[in-house]
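The lines below spell out each chain.
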Amino acid sequence: MKRAMFVALAMTLGSAVAAPFVYPAAWTAEQNTANKRGGEFRNYTISDFKSINPFTDAEAVSIPGTLEAGAGLFIQDPRNDELIPYMAEGAPVVSNGGRRFVVKIRPGMKFSDGQAITADDWITTYRIHTDDKVGSNSYDNFFLSKKPITVRKIDNSTLQFDFPQPSAKALVLMSYTPWPDHIFGAAYRSGGAEAVKRLWTLGTPANQIVSPGMWTLESYQAGERTVLKKNPYWGEWNKDSRGQALPYLDRYSYRVTTDLNAALAAYLAGQIDTFAPRNADDLAQIKRAIDGGNLKATLLPNVSPQAQSQWITFNWNKASDPDKQRLFRDVRFRRAMSHIANRQAMVQLALGGLGSENYYSVYPIFKNYISDAAPKYRYDLAQATRLLSQIGYTRKNAQGYLVNNAGKVLEFNLSTNAGNTVREQLGRIFADEAKKVGVKVNFTPIDFNNLVGQLTAKGENRPFDAILLGLSGGDNIWPFGQNTVPCGGNLHSYNNPTNGACLTPQESLMTKLYYQGDATLNVAQRRNIGAQLLKAEAELQPVIYLVGGNFHVTFNERLGGEHPRELMDAYYGARNIALTFIK
């Protein structure tokens with residue numbers, strides 16, 4: 001942080017232009033000393049995009065998410081995890097017992113349409129995200145213990161954030177992307193939430209999309225390709241260590257592939273620049289192509305554990321089917337399902353042996369928050385059978401499936417997103433193991449956007465039985481999900497009733513521990529609370545965690561500017577795209 005701030009200050013000398021943010025040279029293994037510019041970073045996605053609207057977007061990989069790259073008051077330095085000022089001009093002034101933060105905005109920043117970025121843009125964005133009629137996926141980030149974080153404009157370049165309690169991740173929560181008040185604010189003031197939700201559909205002309213970040217939209221072709229071009233004004237306040245404007249690239253694109261196998265084929269053919277290897281077979285194919293001279297690329301296996309999870313969640317809100325609702329709410333059933341999950345087979349068959357068994361919500365890479373005191377319900381079909389017998393499933397029908405006293409078969413539907421071949425394989429392994437003890441699992445991959453719609457549905461009769469999916473995101477400061485752990489969060493996937501209330505004492509305890517940990521600034525004490533939260537979560541088994549693959553890195557040799565090897569991991573990734581260039 002000190003180095004970044006020093007260089008940034010040095011850049012202001014002799015210039016009337018506001019100080020830029022200077023990307024430290026140490027963030028890249030290969031500096032672009034020749035100032036090579038232009039070209040396109042070619043990425044991929046296995047699901048077509050659903051929206052361009054940043055307030056209704058709920059996709060893991062999305063157009064709004066890409067537009068957010070290079071926007072936020074603070075960013076983390078991968079060398080030491082410190083949060084450093086980015087769109088903020090400097091460190092915040094903190095008062096009121098660590099609950100008030102006053103931040104000056106870096107002057108001179110502009111949206112991609114040339115209009116100045118001011119405090120009004122943060123205020124409007126805050127108001128829209130916190131309007132529950134909008135349905136923003138970021139809604140939960142503006143509340144602590146159900147009390148709002150408030151954001152106030154002091155003047156055009158100064159913001160005041162007031163937290164209801166101290167928060168270890170305050171700077172993270174303050175670092176949301178500011179969207180243009182002159183577009184979203186104008187619509188919100190005239191037509192409220194509905195007017196905002198009508199903006200920026202996939203049919204909106206690209207030249208009407210306005211971005212505060214590194215990229216803005218150039219074109220969108222449904223089911224085929226999306227191209228983003230660099231925001232011409234972003235480089236005015238983002239420089240490399242030699243004072244050159246960033247990004248070096250002109251474009252960033254997504255090719256839509258039918259599934260991950262098709263994405264791998266495109267990578268091997270040199271049609272895209274990177275790929276996320278899933279398992280040993282992917283690594284072997286890429287290595288053979290490199291060794292055979294058919295692909296010129298870098299391959300780094302097992303860089304780190306993953307910063308994501310794969311899990312199965314059961315729906316506790318099924319008023320239309322009281323039997324299933326009762327079943328899914330029974331902790332003995334969920335523990336039996338954990339015993340059915342053959343994680344060792346999943347690691348071997350789906351990940352080629354390159355991964356680990358997961359039992360908790362904390363990602364494997366955040367090992368400082370994983371405690372041995374939390375129980376693990378390991379693969380044990382005999383124990384699963386005993387637990388199921390305790391809830392009335394003691395005999396099997398002629399087809400070998402367990403039935404209760406009413407003769408009803410123990411069965412449920414399980415879905416995952418089609419095209420994610422790893423999850424499809426995990427689902428098949430789970431269903432096969434379930435059949436061994438007499439549980440009928442109707443496993444069906446479906447469209448990702450439909451799946452997310454089911455998962456995030458609220459109410460007393462939500463439209464699914466069980467979903468196999470994954471999560472990424474979050475941070476390494478307090479690595480429990482703000483929208484997954486506390487009751488009422490939009491990704492509190494197992495129990496999401498209309499009123500957002502907890503159903504069990506354990507959920508209430510987990511909610512309490514979540515906010516208690518977030519309010520604890522001492523790292524050792526926060527980890528201790530994390531251990532208690534992890535234990536409560538593991539005992540309740542609200543979600544069955546499965547496996548985590550290792551993080552492997554590969555990229556086409558035409559790319560330069562990746563992180564030094566010691567800074568690469570699943571949390572910070574293989575590169576900062578701002579420093580990436582075409583050789």
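Keep in mind it's a predicted model, so treat the numbers as computed, not measured.

Novice: Would you take a moment to explain the sheet that holds strand 24 (residues 547-556) for this structure?
Specialist: Backbone-to-backbone hydrogen bonds pair the strands of a sheet. The strands run either parallel or antiparallel. Judged by pairing direction, the sheet is antiparallel, and its three strands sit side by side in the order 15-24-17 without closing on themselves. Both edges of this open sheet fall to strand 15 (297-305) and strand 17 (355-357), since each of them pairs with a single strand only. Between one strand axis and the next, the sheet turns by 20 degrees as a mean value, whatever way the strands run. With three bridges joining them, strand 17 and strand 24 adopt antiparallel strand pairing. Across the sheet, the residue bridging to Glu357 is Val547, located in strand 24. Running at roughly 155 degrees to strand 15, helix 7 (residues 280-291) makes contact with strand 15 and strand 24 of the sheet.

Novice: Before we go on, may I ask you to explain unusual backbone geometry in this structure?
Specialist: Residues apart from glycine generally show negative phi values, whereas peptide bonds are mostly found in trans. With an omega of -5 degrees, the peptide bond running from Leu246 to Pro247 counts as cis. Considering the arrangement of structural elements, one finds Pro247 in the loop between strand 13 (238-239) and strand 14 (251-256).

Novice: How do you make sense of the pattern of salt bridges when you look at a structure like this?
Specialist: Scanning all chains against the criterion turns up 23 salt bridges. One salt bridge connects Asp475 with Lys169, and the closest N-O pair in it is separated by 2.9 Å. Of this pair, Asp475 sits in the loop between strand 22 (466-472) and helix 14 (505-518) while Lys169 sits in the loop between strand 10 (158-162) and helix 4 (170-174); the two residues are 306 residues apart in sequence, bridging distant segments of the chain. For the residue pair Asp475 and Lys169, the accessibility class agrees, reading buried in each case. Taking the shortest distance from any N to any O, the salt bridge between Asp250 and Lys230 comes out at 3.6 Å. Remark: Lys230 occurs in strand 12 (residues 225-230) and Asp250 occurs in the loop between strand 13 and strand 14; sequence separation between them is 20 residues. In this structure Lys230 comes out as partly exposed when scored by relative accessible area, which is 29%. Taken together, the shared-partner salt bridges in this structure form one network comprising Arg42, Asp273 and Arg558.

Novice: Can you help me understand the side chain of Lys169 in this one?
Specialist: Lys169 gets classed as buried once you look at its relative accessible area, which sits at 6%. A distance of 2.9 Å separates the side chain of Lys169 from the side chain of Asp475, its partner in a polar contact. Beyond its immediate chain neighbours, meaning those up to four positions away, Lys169 contacts Asp475, Ile477, Trp478, Phe480, Gln482, Tyr514 and Asp518.

Novice: What am I meant to see in the packing of helix 3 (residues 119-129) against helix 5 (residues 181-197) here?
Specialist: In helix packing, the relevant descriptors are the interaxial angle and the interaxial distance, both defined with respect to the helix axes. Where helix 3 meets helix 5, the closest approach of the two axes is 9 Å, and the angle between their N-to-C directions is 20 degrees. By the angle between their directions, the pair helix 3 and helix 5 is classed as roughly parallel. In this structure, helix 3 crosses over helix 5, and the sense of that crossing is left-handed. For the pair formed by helix 3 and helix 5, the contact residues are Asp120, Asp121, Thr124, Arg127 and Ile128 on the first element and Asp181, Phe184, Gly185, Tyr188, Arg189 and Val196 on the second. Residues belonging to the contact of helix 3 with helix 5 are distributed by class as follows: four nonpolar, two polar and five charged.

Novice: Whenever I open this one, helix 6 (residues 260-268) confuses me. Can you help?
Specialist: Every α-helix winds through 3.6 residues per turn, so residues three or four apart in the chain are directed the same way. Listed as buried for helix 6 are Leu260, Ala263, Leu264, Ala266 and Tyr267. Buried positions in helix 6, seen along its axis, are confined to an arc of 160 degrees and lie on one side of it. For helix 6, the elements touching its buried residues are strand 2 (40-45), strand 14, helix 7, strand 15, helix 12 (421-437) and strand 24. Looking at where helix 6 begins, the residue whose side-chain oxygen comes 3.1 Å from the main-chain nitrogen of Asn261 is Asp259.

Novice: It is not clear to me how the packing of aromatic side chains should be interpreted in this structure. Could you clarify?
Specialist: How two aromatic rings sit relative to each other is given by the distance of their centres and the angle of their planes. Evaluation of the coordinates by the stated rule reveals 36 aromatic pairs. Centre to centre, the rings of Trp179 and Trp200 are 6.0 Å apart; their planes meet at 90 degrees, and the pair counts as edge-to-face. Taken together, the positions of Trp179 in the loop between helix 4 and helix 5 and Trp200 in the loop between helix 5 and strand 11 (215-221) put the pair 21 residues apart, joining distant regions of the chain. Each member of the pair, Trp179 together with Trp200, is buried. Consider the rings of Trp234 and Trp237, whose centres lie 6.1 Å apart with planes at 65 degrees: the pair is edge-to-face. The same class applies to Trp234 as to Trp237, namely buried. Grouped by ring-pair contacts, the aromatic residues Phe21, Tyr23, Trp27, Tyr86, Trp234 and Trp237 constitute a single cluster.

Parameters at a glance
- Residues numbered from 1 in each chain as written.
- Predicted model: local features only at pLDDT ≥ 70, side-chain atom pairs only at ≥ 80, totals over all residues.
- Heavy atoms only, no water.
- Pairing = 2+ DSSP bridges.
- Helix = DSSP H or I, 4+ residues; strand = E, 2+ residues; numbered from the N terminus.
- Axes fitted to C-alpha atoms, helices over the stretch in contact; angles between N-to-C directions.
- Contact = heavy atoms within 4.5 Å.
- Salt bridge = Lys/Arg side-chain N within 4 Å of Asp/Glu carboxyl O.
- Buried < 20%, exposed > 50% of the residue type's maximum accessible area, 1.4 Å probe, protein only.
- Polar contact = N/O pair within 3.5 Å; in protein donor to acceptor, adjacent residues only side chain to side chain.
- Parallel < 35°, antiparallel > 145°, perpendicular 65-115°, else oblique.
- Left-handed = near helix turned anticlockwise from the far one by under 90°.
- Nonpolar A, V, L, I, M, F, W, Y, C, P; charged D, E, K, R; others polar.
- Arc of directions from axis to C-beta.
- Phe/Tyr/Trp six-rings, centres within 6.5 Å; stacked < 30°, edge-to-face > 60°.

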